[in-house]
Amino acid sequence: METKIRVLTVRPSLDGHWRGLAVVSAALRDAGMEVIYGGTALNADEITNAALQEDVDVIGLSMYGRFGIAYKVARQLPKMHSNRPLLLVGGTVPPTEVDSLKAAGVDEVFSAGSSLDSIVEYIFAKCADRAKNE
Amino acid sequence: MNPMAGAATLQDALESWARLHDKEFHSETKTRFVTDEGLEVQRVYTPLDLEAKGFDYLRDLNLPGEYPFTRSITPTLYRSGLWRISQYSGYATPPECNALWKAQIQSGLNTIYIAYDLPTQLGYDPDRDEARGEVGRVGASLVSLRDWEVAFDGIDIDETIISQVLNAPAAIGIAMHLAYARKRGVRWQNLKGVMQNDVLKEYSARGNYIFPPEPALRLVVDSLAFCADNVPNYHPMTVCSYHYSEQGADRVSEIAFALADAIAYLEAARERGVDLDRICPHLMWLTSHQHYRFFDEIAKLRALRKLWATITKERFGLNNPESMRCKIYSAESGTSLCKEQPFNNIARIAIATLAAALAGVQIIDLRTYDEQWGIPSKEAELLGVRIQQIVGYETGIADTVDPLGGAYYLESLVADLEKLIKKELDHIDRLGGMLRAIELGYPQRKSIDHACQVQRQVEDSDIVRVGHNRFREREDTNGVHVYRAAPQVEEIRVRDVTELRRTRDAAAVERALDAIRAAAAESPAQSGNLMPYLIEAVEAYATCGEICTALRQVWGEFKEPALL
């Protein structure tokens with residue numbers, strides 16, 4: 001039996017709006033992934049630990065600021081375990097931040113206007129690549 | 001021979017017309033035209049459609065300023081002065097706010113609409129860990145009476161409407177406004193202000209709650225009762241439909257959920273023995289409007305006015321006509337604007353302004369063309385003010401009250417929406433009221449389900465967004481200047497609050513916070529209204545964060561439920 005791709009989705013900010021994260025989470029679930037909806041989490045350790053405990057393949061962060069948390073999670077991940085989860089960021093991300101996030105180890109940034117299909121396809125493609133390389 | 005000639009009735013004429021043009025009807029681009037709420041849009045509307053819906057001019061529409069206020073809450077509307085122009089804004093530090101708001105008043109704005117940063121909205125002072133990275137990030141960090149003294153220096157506070165978006169700590173924001181007025185020697189009777197104090201929708205749509213619902217409702221009722229008695233021109237509550245819409249709800253849910261929240265507030269106040277005819281005249285509504293599905297938007301706001309009048313009169317048995325008048329503060333929906341080709345948004349904003357004006361609202365607030373890129377730039381905000389002035393002063397729509405009133409299409413939409421909204425309200429009643437519905441996650445799920453559906457429709461181009469899913473160009477940002485709070489603002493604000501704590505009378509602050517804790521621990525019947533305690537603490541220069549901490553110690557915090 002094929003195992004489901006596991007995704008942890010988190011809002012690492014004080015911003016209460018959950019529409020973006022909820023819609024993306026629902027789309028990933030509809031595409032057959034298992035989504036662990038983490039809600040609000042304000043520090044990087046909490047996110048990294050949850051990802052480790054839940055043994056997820058993907059971490060999705062919904063952000064409009066407080067990007068420091070994404071950088072910190074990116075730094076922590078390689079130390080975590082060999083099969084490092086994909087780290088994705090979505091939300092209102094300024095163009096200048098996109099490049100530095102990617103340079104710091106964020107695998108992809110889906111800023112406002114990205115389609116659900118592009119997110120789903122990206123995750124499937126990356127996870128398939130990894131399975132091949134294992 | 002003209003086949004239309006000799007048609008005895010409108011019905012006959014319609015039938016002949018349909019026979020005559022049958023071929024042309026086949027050229028229509030869709031077999032069905034439907035609204036987001038699933039209502040079928042007909043080819044044409046005539047008096048027969050209103051007749052079929054049992055439309056009664058005096059009962060359903062009546063004249064402006066007359067019950068049920070479908071056309072307008074006043075008999076003269078904009079003939080007695082344009083709507084109030086508002087622009088939601090706030091920069092990180094008190095001196096920056098002062099400069100911004102003075103510039104806005106200079107440009108002809110007559111309201112200050114304070115956007116607070118998230119730490120302030122959540123009751124965290126700038127030096128708390130929880131606030132790190134978010135101080136001044138999306139709005140003003142104004143946490144003490146001292147900050148108000150800087151931010152409002154030189155601003156005529158008895159001439160300017162001061163609106164605030166605070167919600168969970170709203171009662172503290174009102175206390176700041178009142179304490180500051182007293183310090184400036186401005187009589188409370190002269191103060192004009194509006195407070196977004198709608199905590200219920202924080203649990204169900206916006207996510208910025210602090211306390212559990214029960215004590216949160218106590219603060220709401222306290223602030224409503226206190227202001228009704230002491231600050232007659234103040235609106236201590238805007239009931240919000242806006243955030244339901246932004247969260248994804250369709251128009252029926254948007255209005256029904258907000259009405260259900262308002263019903264819950266009135267029930268809570270009645271339980272405390274507050275005379276509802278005393279507080280209702282001080283309620284406002286914060287609605288959404290957008291260019292998208294223009295007529296549905298106008299119909300939605302007119303249906304709200306009519307339903308609120310009916311609910312106050314029939315459900316609550318109120319007698320004061322002022323209680324039945326639904327005063328609308330309408331804010332443009334940010335999600336209706338696009339990131340691509342951002343200057344296209346200027347057209348969207350102008351059309352949205354027209355929708356709000358044709359719906360006869362009291363205050364209009366707009367988003368800015370750079371909305372999808374970040375916090376608005378000063379240029380974009382000023383442009384928003386100018387757009388309102390152009391719609392208000394150049395088009396002529398302010399010359400007559402409710403120019404669209406009686407239009408067959410519009411009134412059909414109002415009747416259909418009204419029916420659906422009533423049905424949704426009945427459903428919420430059956431669930432046990434809005435508090436129970438929120439506990440069950442009902443409004444939350446319903447909004448997100450519709451948001452998912454809309455996202456699909458946008459991705460499939462069933463909903464057209466020019467520049468986003470049609471008429472795209474290569475990456476085109478047209479040189480939007482994205483506003484960023486300066487990185488040092490956090491440090492500045494931490495220094496400000498440290499300096500405040502060093503220089504104020506620490507013993508007086510402690511006494512005031514102790515009194516708040518003691519009063520909050522008792523029931524409302526024992527300790528009465530909490531507002532005087534809050535005002536006293538603010539006057540002693542206690543911060544918003546310190547007061548929230550004191551209340552947290554007594555009431556605890558609301559924990560985010562699992563929604564998915």
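One can find the structure itself at the top, above this paragraph.
Now for a look at the structure at hand.

Parameters and conventions
Residues numbered from 1 in each chain as written. Chains lettered and ligands numbered in written order. Predicted model: local features only at pLDDT ≥ 70, side-chain atom pairs only at ≥ 80, totals over all residues. Heavy atoms only, no water. Helix = DSSP H or I, 4+ residues; strand = E, 2+ residues; numbered from the N terminus. Buried < 20%, exposed > 50% of the residue type's maximum accessible area, 1.4 Å probe, protein only. Contact = heavy atoms within 4.5 Å. Areas by Shrake-Rupley, 256 points an atom, 1.4 Å probe, with all protein chains shown as cover. Lys, Arg positive; Asp, Glu negative; His and termini not counted. Charge placed at Lys NZ, Arg CZ, Asp CG, Glu CD. Buried area = accessible area lost by both parts, 1.4 Å probe. Salt bridge = Lys/Arg side-chain N within 4 Å of Asp/Glu carboxyl O. Polar contact = N/O pair within 3.5 Å; in protein donor to acceptor, adjacent residues only side chain to side chain. Nonpolar A, V, L, I, M, F, W, Y, C, P; charged D, E, K, R; others polar. Pairing = 2+ DSSP bridges. Patch = residues over 30% accessible without salt bridge, like charges linked within 9 Å, V, L, I, M, F, W, Y side chains within 5 Å. Right-handed = clockwise from strand over helix to strand, strands pointing away. Core = buried A, V, L, I, M, F, W, Y, C linked by side-chain atoms within 4.5 Å. Axes fitted to C-alpha atoms, helices over the stretch in contact; angles between N-to-C directions. Parallel < 35°, antiparallel > 145°, perpendicular 65-115°, else oblique. Left-handed = near helix turned anticlockwise from the far one by under 90°.

Looking now at the overall build of chain A. When its secondary structure is counted, chain A shows 5 helices and 5 strands. Across chain A, helices and strands are ordered from the amino to the carboxyl terminus as β-α-β-α-β-α-β-α-β-α. Projected onto its principal axes, the C-alpha positions of chain A cover 40 × 30 × 25 Å. Scored against the burial criterion, the 134 residues of chain A give a buried share of 52%. Pairs at least 24 apart in sequence give 69% of the contacts found in chain A among residues at least 6 apart. Here chain A displays about 6,100 Å² of accessible surface, and carbon together with sulfur accounts for 50% of that area. With 14 positive and 17 negative side-chain charges, chain A shows a separation of 4 Å between the mean positions of the two kinds.

The next point concerns the interface of chain B and chain A. Tallying the contact residues gives 42 residues for chain B and 30 residues for chain A. When chain B packs against chain A, close to 2,700 Å² is buried across both sides, 57% of that on carbon and sulfur atoms. Counting across the chain B and chain A interface gives 2 salt bridges. With its nearest N and O atoms 3.4 Å apart, the salt bridge here joins B:R456 to A:D117. At the boundary of chain B with chain A, the tally comes to 11 residue pairs in polar contact (both at pLDDT 80 or more). Within the residue set of the side of chain B that touches chain A, elements represented by two or more residues are α6 (118–121), α9 (200–206), α11 (242–247) and α20 (442–459) of chain B. Looking at the side of chain B that touches chain A, its residues break down into 15 nonpolar, 13 polar and 14 charged.

Attention shifts here to the environment of A:L14. When you line up the elements, A:L14 lands in the loop between β1 (6–11) and α1 (19–30). On the basis of relative accessible area, A:L14 is assigned to the buried category, the value being 7%. Between the C-alpha atoms of A:L14 and A:I47, which are 33 residues apart in sequence, the distance is 15 Å. Residue contacts for A:L14: discarding those within four places in its chain leaves A:L42, A:R66, B:L118, B:P119, B:L122, B:Y124, B:E130, B:E134 and B:N208.

Next up on the list: the environment of A:A50. Residues and elements named next belong to chain A. Mapping A50 onto the fold places it in helix α2 (residues 44–54). Since its relative accessible area comes to 25%, A50 is described here as partly exposed. Residues A50 and I119, spaced 69 residues apart in sequence, show a C-alpha to C-alpha distance of 22 Å.

Our focus in this paragraph is the sheet that holds strand β6 (residues 234–235) of chain B. Residue and element names in this part refer to chain B. Reading across the sheet, the 5 strands line up as β2-β3-β4-β5-β6 and stay open at both edges, with parallel pairing between neighbours. Of all strands in the sheet, those with a lone pairing partner are β2 (88–89) and β6, marking the two edges. Note that strand β4 (residues 161–165) and strand β5 (residues 193–196) share 4 bridges and pair parallel. Looking at the pairing, V165 lines up with Q196 of β5.

To continue, consider a nonpolar patch on the surface. Taken together, B:Y57, B:L58 and B:L63 make up a surface patch of nonpolar side chains, about 310 Å² in accessible area. Look at B:L58 and you get exposed, because its relative accessible area is 56%.

Residue and element names in this part refer to chain B. Of all 5 residues in strand β3 (residues 111–115), 5 are buried, a share of seventy percent or more. With burial as the criterion, each face of β3 is covered, one bearing T111, Y113 and A115 and the other bearing I112 and I114. Across 2 bridges, the pairing between β2 and β3 is parallel. Within β3, the residue paired with Y88 across the bridge is Y113. With respect to chirality, the unit in which β2 leads through helix α5 (residues 94–106) into the neighbouring parallel β3 is right-handed. Relative to β4, β3 runs parallel, the two sharing 5 bridges.

In this section: the nonpolar core. Residues and elements named next belong to chain B. With 89 residues, the main nonpolar core has L259, W285, W308, I421 and M434 as its most contacted residues. The leading source of residues in this core is helix α12 (residues 251–271), at 14 residues. W308 has contacts with L259, A262, L266, C280, L283, W285, S323, M324, R325 and C326, leaving out every residue within four places of it along the chain. In terms of nonpolar packing, the next biggest core, distinct from the first, is built from 77 residues, Y180, I535, V538 and L551 among them.

Residues and elements named next belong to chain B. At a closest axis distance of 11 Å, the pairing of α12 and helix α14 (residues 294–315) adopts a crossing angle of 25 degrees. In terms of axis orientation, α12 runs roughly parallel to α14. Both α12 and α14 take part in a crossing whose hand is right-handed. Residues R251, E254, I255, L259, A262, I263, L266 and E267 of α12 form the contact with α14, whose own contacting residues are D296, E297, K300, L304, L307, W308, I311 and R315.

Residue and element names in this part refer to chain B. With respect to the helices, strands and loops of the structure, R251 is situated in helix α12. Judged by its relative accessible area of 5%, R251 is buried. Of note is the side chain of R251, whose polar atom sits 3.2 Å from the side chain of D36. At 2.6 Å, the side chain of R251 forms a polar contact with the side chain of E297. Not counting residues up to four positions away in its chain, the partners in contact with R251 are D36, E37, Y292, R293, D296, E297 and K300.

On a regular strand, each side chain points to the face opposite its neighbour's, so the side chains alternate between the two faces of the sheet. Residues and elements named next belong to chain A. Summarising the sheet, β1 and strand β2 (residues 34–40) pair through 6 bridges and their orientation is parallel. Bridge assignment links V7 to a residue of β2, and that residue is V35. After leaving β1, the chain enters α1 and then returns to the sheet as β2, a path that is right-handed.

Let us now look at unusual backbone geometry. Omega for the peptide link from B:Y67 to B:P68 comes to 0 degrees, which places this bond in the cis form. As for its placement among the helices and strands, B:P68 is situated in the loop between α4 (57–61) and β1 (84–86). A positive phi angle is found at A:R66, which is not glycine, with a value near 50 degrees. Along the chain, A:R66 falls in the loop between β3 (58–63) and α3 (68–80). The exposure class assigned to A:R66 is buried, which follows from its relative accessible area of 10%.

Here we come to the pattern of salt bridges. Side-chain pairing between opposite charges can occur once the charged atoms of the two side chains come close. Residues and elements named next belong to chain B. A complete count under the given rule lists 49 salt bridges over all chains for this structure. Across the salt bridge formed by D229 and R278, the nearest N and O atoms sit 3.1 Å from each other. A residue pair is termed long-range when its members are at least 10 positions apart, and D229 in helix α10 (residues 213–230) and R278 in helix α13 (residues 276–279) qualify at 49 residues. D229 gets classed as exposed once you look at its relative accessible area, which sits at 52%. Residue class for R278 comes out partly exposed when judged on its relative accessible area of 32%. For R517, the salt bridge goes to D514, with nearest N and O atoms at 2.9 Å. With R517 and D514 both in helix α22 (residues 506–521) and 3 residues apart, the pair spans about one turn of that helix. Judged by relative accessible area, D514 falls into the partly exposed class, the value being 41%.

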